[in-house]
Amino acid sequence: MPYAAPTGAKDILPEEWPFWRHIEQNIQRITALYGFEPLGVPIFESTALFTRGVGEGSDLVVQKEMYSFQDKSGDELTLRPEFTAGIMRAYVENGMHTRPAPLRLYAIGPIFRQEKPQAGRYRIHHQFNVEALGEEDPVIDVEVMSIAWDLYDALGFKGLSFMINSTGCRECRPAFVQALRDYFAPLAEQLGETDRTRLARNPLRLLDSKDPAMERLLASAPVIHDFLCESCRTHFATLRQYLDLLGRPYTINPRLVRGLDYYVKTVFEVWAQDIGAQAAVCGGGRYDGLIEALGGPAVPGVGFGSGIERIILALKAQGVQAPALPLPLVMLVYRGPAAKVEAIRLLQTLRQAGIGALLPYRDSLKAQLKQADRARARFALILGDDELAAASVTVRDLTSSQQVSVPRSEVIAWLRAHGV
Ligand code: HAM
């Protein structure tokens, strides 16, 4: 093999596309129900936007996961490692705060992270990303979360678990972070290398440690809920009240913290079993203060990102099928060069009328009918000398093998009447 796809990048073969289409179609249907509009943002942006946006303490920066480069004009650019920072930049740059709030936006597209590839973790993945800007009421947090719920429900997921937490705000979190530092400082010797870096750079991330030895230490570590200020406490209580009201099942996980620095108050993730170590199909939360930090007005926001590859992995693990993509139901079959010319003409007429049709590329009738079978066509339209003379078509039902002669001018109407 002279060339292989880069590590962590994969092809999406035709047989995968029914899942992608099914997911995209449901995303379009559900976002429309919730009044979310699409927004496109560039695949690369200035590196500074991401460093500032996701934060110096985020996994993306600390673990050097960004694909950053300098272009010919000397600009420092980065392939987007997430959507939120770019969407906030677009919001500020296009003066979108003057639009009625809350502004409801969604985006779908590729995301680039130089992570260690493993099951469910790629260097190029695709996200469905939702953001609601300009509203503090926790009801919008619930609306955003409900989009994920409804999508996964529509796709036929079973046994998904929504985890929620509050990570406090700029007022109350520093005391919690200090308490974590104080608790872990004397235990530093017992921490692995990654966790020692976290203790130094972002102690909050210790709560998300994957090291089994941390279980015991974390069991008696300080808990965020003992540190929340009145505003964060009320926000979280109201959020839960609304989730209960709507019968949305969730688990409170006081150790849920996210890998990006901008979160305040609400954070949530959705986990699926059986898709490898990286089990989160969705992650998000509130990021009041981010737009301000990027030079915009003080506008609150909440959103999530959901990895499409992980959704597909989880669906497959659960044995859920996606509806097949529509294939042409009609195959033209011809005998001789004059009939071939007529077949080419009819092929175009059918497609212009919105009927999918294929032309076989073999001369013998038998080979052509075999191709019709392989293509899973329902009808073969046969053209030979007799049909040319009578300006008709012989329509063969490929399931029952029954044939009828139909005037060529009526063939479209005939096919429509027979469910094509
Ligand atoms: P995130 O948790 O970093 O959040 O990513 C969101 C989702 O993308 C994850 O739950 C997972 O499904 C998928 N994902 C992440 N990394 C990979 C990977 N290497 N391979 C496959 N799938 C992956 C964000 O990106 C935030 N911007 C979400 C957000 C939007 N928060 C507020 N608004």
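Figured I'd write up the structure that's included with this text. What you are looking at is a predicted structure, and each value in this text was computed from that prediction instead of being measured.

A closer look at the sheet that holds strand β12 (residues 330-334)
Taking strand neighbours across the sheet as the criterion, the five strands line up as β13-β12-β14-β15-β16 in an open arrangement whose pairing is mixed. Each of the sheet's edge strands pairs with one partner strand only, and the pair in question is β13 (357-358) and β16 (403-407). Bridge analysis of β12 against β13 gives two bridges, and the strand direction is parallel. Looking at β13, one finds that Met331 is bridged to Leu358. Lying over the sheet, helix α12 (residues 337-352) contacts β12, β13, β14 (379-383) and β15 (392-397), oriented at roughly 165° with respect to β12. This element, helix α13 (residues 365-374), spans β12, β14 and β15 of the sheet and lies at about 175° to β12.

A few points about helix α6 (residues 173-184)
Taking 1.5 Å per residue, 12 residues should reach 16 Å; α6 reaches 16 Å between its end C-alpha atoms and fits that length. Residues Arg173, Phe176, Val177, Ala179, Leu180 and Phe184 constitute the buried set of α6. All buried residues of α6 lie within an arc of 155° about the axis, which places them on one face of the element. Close packing links the buried residues of α6 with α7 (193-201), α8 (214-219) and β9 (264-271).

A closer look at the packing of aromatic side chains
All told, the structure shown has 12 aromatic pairs when counted by the stated rule. Their ring planes at 5° and their centres at 3.5 Å tell us that Trp149 and Phe162 sit as a pair that is stacked. Of the two residues, Trp149 sits in helix α5 (residues 138-155) while Phe162 sits in strand β7 (residues 161-166), which places them 13 residues apart along the sequence. Taken as a pair, Trp149 and Phe162 share a single burial class, namely buried. Clustering of aromatic rings is evident, with ring pairs tying together Tyr106, Phe128, Phe268 and Phe304. It is Lys10 that lies over the ring of Tyr122; its NZ or CZ is 5.4 Å from the centre.

As for the nonpolar core
Ranked by internal contacts, the top residues of the largest apolar core, which has 41 residues, are Tyr152 and Phe304. Ranked by residue count, the leading element in this core is α5, at 10 residues. Setting aside anything within four residues of it in sequence, one finds Tyr152 in contact with Phe157, Leu160, Phe162, Val270, Val281, Cys282, Ser306 and Ile311. By size, the runner-up hydrophobic cluster in this structure holds 31 residues, among which are Leu60, Ala90, Leu103 and Ile111.

Things to note about the sheet that holds strand β3 (residues 68-70)
If you walk across this open sheet you meet the three strands as β2-β4-β3, and the pairing is antiparallel. Two strands bound the open sheet, and with one partner strand each, they are β2 (44-46) and β3. The mean angle between the axes of side-by-side strands here comes to 35°, regardless of whether they run parallel or antiparallel. This element, helix α2 (residues 47-54), spans β2, β3 and β4 (76-79) of the sheet and lies at about 80° to β2.

Section: the packing of helix α1 (residues 17-33) against helix α11 (residues 308-317)
Contact pair α1 / α11: the axes reach a minimum separation of 11 Å and the direction vectors enclose 115°. With respect to each other, α1 and α11 are oriented roughly perpendicular. Remark: the crossing between α1 and α11 carries right-handed chirality. Contacts from Phe19, Trp20 and Ile23 in α1 reach Ile308, Glu309, Ile311, Ile312, Leu315 and Lys316 in α11.

Some thoughts on the site of the ligand
The full set close to the ligand counts 27 residues, and Glu82, Glu115, Tyr122, Arg258 and Tyr263 are the nearest of them. About the coverage of the ligand: the protein hides 95% of its 650 Å² of free accessible area. Secondary structure elements with two or more residues in the shell around the ligand: β6 (124-133), β10 (280-286) and β11 (301-307). Within the shell around the ligand, the residues separate by chemical class into nine nonpolar, 11 polar and seven charged.

Conventions adopted
Residues numbered from 1 in each chain as written. Predicted model: local features only at pLDDT ≥ 70, side-chain atom pairs only at ≥ 80, totals over all residues. Heavy atoms only, no water. Pairing = 2+ DSSP bridges. Helix = DSSP H or I, 4+ residues; strand = E, 2+ residues; numbered from the N terminus. Contact = heavy atoms within 4.5 Å. Axes fitted to C-alpha atoms, helices over the stretch in contact; angles between N-to-C directions. Expected span 1.5 Å × (residues − 1). Buried < 20%, exposed > 50% of the residue type's maximum accessible area, 1.4 Å probe, protein only. Arc of directions from axis to C-beta. Phe/Tyr/Trp six-rings, centres within 6.5 Å; stacked < 30°, edge-to-face > 60°. Lys NZ or Arg CZ within 6 Å of the ring centre and 35° of its normal. Core = buried A, V, L, I, M, F, W, Y, C linked by side-chain atoms within 4.5 Å. Parallel < 35°, antiparallel > 145°, perpendicular 65-115°, else oblique. Left-handed = near helix turned anticlockwise from the far one by under 90°. Near = heavy atom within 4 Å. Areas by Shrake-Rupley, 256 points an atom, 1.4 Å probe, with all protein chains shown as cover. Nonpolar A, V, L, I, M, F, W, Y, C, P; charged D, E, K, R; others polar.

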